[in-house]
Amino acid sequence: MYRVASDFFEEWKDSKYRKPLIVQGVRQVGKTYSVLEFGKKCFSNVAYLNFQTNPDLCRTFDEDISPSYLIPLISHICGCDVIAGKTLIFFDEVQLCERALTSLKYFCEQAPDYHVIAAGSLLGIAVNRQKFSFPVGKVDRYTMYPMNFSEFLIASGEGDTVRQIRECFDTDTPMPQVLHNATLKLYRQYLITGGMPEAVSRYVETDDFLQVRHVQRTILNDYLDDMSKYQSSSNEIAKTRLTYGTVSTQLSKKNTRFQYKIIKTGARAAEYENAIQWLISASLVSRIFRAEQIAKPLDNYKDIDDFKIYLPDCGLLCAQKEIFPDDVLFDTGEIDDFKGSLAENYVSSQLTANGFVPFYWRSEKGDYEIDFVISVKGKLIPVEVKSSGHVTSDSLRYYKNRFCPDYSIRISTKNFGFENGIKSIPLYAVFCITDEPVRQSGN
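Residues numbered from 1 in each chain as written. Predicted model: local features only at pLDDT ≥ 70, side-chain atom pairs only at ≥ 80, totals over all residues. Heavy atoms only, no water.

## Focus on the overall build of the chain
And step 1. Counting secondary structure elements, the chain contains 18 helices and 13 strands.
And step 2. The C-alpha atoms of the chain give 23 Å as radius of gyration, which agrees with the globular expectation for 443 residues (22 Å, within 12%).
And step 3. Taking the principal axes of the C-alpha coordinates as reference, the chain spans close to 65 × 50 × 45 Å.
And step 4. Out of the 443 residues in the chain, the part that is buried amounts to 53%.
And step 5. In the chain, once contacts between residues fewer than 6 apart in sequence are set aside, the share between residues at least 24 apart is 69%.
And step 6. A total accessible area of about 19800 Å² is found for the chain, and carbon and sulfur atoms account for 47% of it.
And step 7. Of the charged side chains in the chain, 52 are positive and 56 negative, and the gap between their average positions amounts to 4 Å. (Helix = DSSP H or I, 4+ residues; strand = E, 2+ residues; numbered from the N terminus. Rg over C-alpha atoms; globule rule 2.2 N^0.38 Å. Buried < 20%, exposed > 50% of the residue type's maximum accessible area, 1.4 Å probe, protein only. Contact = heavy atoms within 4.5 Å. Areas by Shrake-Rupley, 256 points an atom, 1.4 Å probe, with all protein chains shown as cover. Lys, Arg positive; Asp, Glu negative; His and termini not counted. Charge placed at Lys NZ, Arg CZ, Asp CG, Glu CD.)

## A few points about the packing of aromatic side chains
And step 1. Counted under the stated rule, the structure contains 29 aromatic pairs.
And step 2. Where F258 meets Y260, the ring centres are 5.2 Å apart and the plane angle is 85°; that geometry is what we call edge-to-face.
And step 3. Assessed through its relative accessible area of 14%, Y260 is described here as buried.
And step 4. Between the aromatic rings of W361 and Y398, the centroid separation amounts to 6.1 Å while the plane-to-plane angle is 20°, which identifies the pairing as stacked. Of this pair, W361 sits in strand 8 (residues 359–362) while Y398 sits in helix 18 (residues 394–403), and the two are 37 residues apart along the sequence.
And step 5. Classification of W361 as buried rests on a relative accessible area of 2%.
And step 6. Under the relative-accessibility criterion, Y398 is labelled partly exposed at 29%. (Phe/Tyr/Trp six-rings, centres within 6.5 Å; stacked < 30°, edge-to-face > 60°.)

## Observations regarding the pairing of strand 2 (residues 45–50)
And step 1. Where strand 2 and strand 3 (residues 87–92) come together, six bridges link them in parallel fashion. From the neighbouring strand, L49 faces strand 3, where its bridge partner is F91.
And step 2. In terms of handedness, the path from strand 2 via helix 3 (residues 67–78) over to strand 3 forms a crossover that is right-handed. (Pairing = 2+ DSSP bridges. Right-handed = clockwise from strand over helix to strand, strands pointing away.)

## Some words on the side chain of S121
And step 1. Relative to the elements of secondary structure, S121 occurs in the loop between strand 4 (115–120) and helix 5 (123–129).
And step 2. Polar side-chain contacts of S121 include one of 3.2 Å to the side chain of K31. (Polar contact = N/O pair within 3.5 Å; in protein donor to acceptor, adjacent residues only side chain to side chain.)

## A short note on the confidence of the model for the chain
And step 1. Per-residue pLDDT for the chain has a mean of 93; in total, 96% of the residues score no lower than 70.
And step 2. This model gives residues 438–443 a pLDDT under 50, and the stretch forms 14 contacts once residues within four places in sequence are excluded. (pLDDT = per-residue confidence, 0-100.)

## A word on the packing of helix 10 (residues 209–229) against helix 11 (residues 234–245)
And step 1. Packing of helix 10 against helix 11 brings their axes to within 9 Å, and their N-to-C directions diverge by 150°. Our classification of the angle between helix 10 and helix 11 gives roughly antiparallel. Of the two elements, helix 10 crosses helix 11, and the hand of that crossing is right-handed. Contact with helix 10, carried on its side by L220, Y223, L224, D225, M227 and S228, involves I237, T240, R241 and Y244 of helix 11 and no other residues of that element.
And step 2. Broken down by class, the residue content of the contact of helix 10 with helix 11 amounts to six nonpolar, two polar and two charged. (Axes fitted to C-alpha atoms, helices over the stretch in contact; angles between N-to-C directions. Parallel < 35°, antiparallel > 145°, perpendicular 65-115°, else oblique. Left-handed = near helix turned anticlockwise from the far one by under 90°. Nonpolar A, V, L, I, M, F, W, Y, C, P; charged D, E, K, R; others polar.)

## Notes on unusual backbone geometry
And step 1. A cis amide bond links K296 with the next residue in sequence, P297, at an omega value of -10°.
And step 2. Locating P297 in the fold gives a position in the loop between strand 6 (286–291) and strand 7 (302–310).
And step 3. Of note, the phi angle at C404 is positive, near 50°, even though the residue is not glycine.
And step 4. Within the secondary structure, C404 is located in the loop between helix 18 and strand 11 (408–412).
And step 5. For C404, a relative accessible area of 58% corresponds to the exposed category.

## Overview of the packing of helix 8 (residues 177–193) against helix 10
Helix-helix packing is characterised by the crossing angle of the two axes and by the distance between the axes.
And step 1. Packing of helix 8 against helix 10 leaves a shortest axis separation of 10 Å and a crossing angle of 35°. For the pair helix 8 and helix 10, contact is made by Q189, I192 and T193 and by F209, V212, R213 and Q216, respectively.
And step 2. Broken down by class, the residue content of the contact of helix 8 with helix 10 amounts to three nonpolar, three polar and one charged.

## A few points about the sheet that holds strand 2
And step 1. Judged by pairing direction, the sheet is parallel, and its five strands sit side by side in the order 2-3-4-1-5 without closing on themselves. Looking at the sheet topology across the chains shown, the edges are occupied by strand 2 and strand 5 (140–143). Across the sheet, the axes of successive neighbouring strands diverge by a mean angle of 20°, strand direction being ignored.
And step 2. By the bridge criterion, four bridges tie strand 1 (residues 21–24) to strand 4 in an arrangement that is parallel. Bridge pairing links Q24 to G120 in strand 4.
And step 3. Against the sheet, helix 4 (residues 98–110) makes contact with strand 1, strand 3 and strand 4, and its axis sits at roughly 150° relative to strand 3, the strand it touches most.

## Here we look at the pattern of salt bridges
And step 1. All chains considered together, the criterion is met by 27 salt bridges.
And step 2. Between K13 and D14 there is a salt bridge; the shortest N-O distance is 3.5 Å.
And step 3. We note a salt bridge from D160 to R163, for which the minimum N-O separation is 1.8 Å. In this pair, D160 and R163 are both assigned in helix 7 (residues 159–171), three residues apart and thus about one turn of the helix distant.
And step 4. One continuous salt-bridge network, built from bridges that share partners, spans R257, R290, D303, D306 and R362. (Salt bridge = Lys/Arg side-chain N within 4 Å of Asp/Glu carboxyl O.)

## Thoughts on helix 7
And step 1. A rise of 1.5 Å per residue sets the reference length of helix 7, with its 13 residues, at 18 Å; its end C-alpha atoms lie 19 Å apart and thus fit the reference within 8%.
And step 2. Packing partners of the buried residues in helix 7 comprise helix 6 (149–155), helix 8 and strand 13 (422–426).
And step 3. Positive backbone phi, at 55°, marks D172, one or two positions downstream of helix 7. (Expected span 1.5 Å × (residues − 1).)

## Some remarks on helix 17 (residues 336–353)
And step 1. The end-to-end C-alpha distance of helix 17 is 27 Å, a good match for the 26 Å that 18 residues give at a rise of 1.5 Å each.
And step 2. Within helix 17, 14 of the 18 residues are buried, which leaves it mostly tucked inside the rest of the structure.
And step 3. Directly beyond the C-terminal end of helix 17, a positive phi value near 95° is found at G355.

Written as structure tokens, this is what we have:
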């Protein structure tokens with residue numbers, strides 16, 4: 001399956017400023033598959049070392065981690081010639097071998113002609129608890145996210161639809177209504193399936209949401225197992241699991257601001273902040289803060305006590321809430337109270353995958369709220385999310401009058417357009433919102 005990451009990997013390969021690359025991301029997001037496919041496509045061979053399936057590999061790094069010592073050993077272990085410029089050296093599950101992580105520094109300094117990639121699912125967690133230092137300044141880093149909607153479309157054989165969405169986005173030209181309606185249907189399918197590669201693959205192969213839900217439940221159980229594996233205290237494990245289990249409940253509330261009392265009656269920030277931080281470090285959730293002021297840089301004005309938490313994948317959110325697929329596919333009205341939160345979570349994940357660091361804004365009295373504020377080419381742009389075509393909003397009107405943004409973005413089921421300073425974007429086109437030129441490969 002095509003992944004946006006493959007474009008980044010190819011740019012990294014040819015960059016004269018290249019350093020060893022660390023690929024991070026939540027477990028089962030497709031890191032290993034994507035790197036191996038890149039290696040097969042762009043190199044003569046791949047020297048693949050997996051520290052999870054072969055724990056004895058760690059001994060290779062015990063005595064000496066200089067490239068001159070390691071390269072012949074890697075060549076012997078993998079049964080291939082390791083040649084600079086022609087071989088991709090791939091350390092998988094590198095969080096299980098701290099010395100292998102440290103060796104990246106020496107590959108950068110002593111063997112820059114070699115292409116080295118290291119991947120790890122819980123690298124942020126492992127590095128924080130180990131004695132070896134992270135090779136700061138000696139590595140490039142890339143975070144993989146679940147497949148965005150464009151990747152889902154391409155996997156579903158809808159590459160032409162991706163091209164047409166981008167064209168309409170760039171020109172603010174409405175999509176033909178028949179195609180617009182058909183793409184909204186695909187969007188609803190994506191809400192249920194999400195972007196975990198195995199779930200997408202299962203859906204493409206079977207067209208069966210029961211099969212998809214089985215995959216998602218397995219993934220969620222694996223995440224719970226990781227919480228036990230990578231935390232030493234049973235008390236912390238319990239807090240982390242409890243916090244993770246209430247994220248979907250938090251999003252179900254009319255006020256989606258994170259509330260500790262939903263975790264447990266009387267719960268306080270000091271008691272659960274470590275659990276939240278663990279989930280963030282493990283990429284199992286993302287957090288966006290409220291901006292107290294709309295001024296650059298937004299990070300200077302964040303309220304660290306006022307935030308929202310989202311899951312990185314809308315499909316896993318639906319699985320966690322046991323949402324019946326037909327209620328999403330056919331808009332039955334049975335989940336009207338949850339549709340807004342689901343759309344909001346979807347938009348958050350698409351924006352984050354595109355490299356944005358979103359904030360949200362609420363007026364002093366709490367009577368007006370903007371779902372997201374992002375920086376696009378140096379301009380602070382408000383983003384309002386609607387799960388339907390009813391787009392009347394006092395909050396956006398108030399925000400525009402108060403802060404006079406260059407333009408605003410409204411995401412809904414309505415077609416493309418631009419009117420009264422508002423760029424209308426259908427929910428299926430959020431992947432087009434980017435701060436960089438759009439890459440066209442993969443169609």
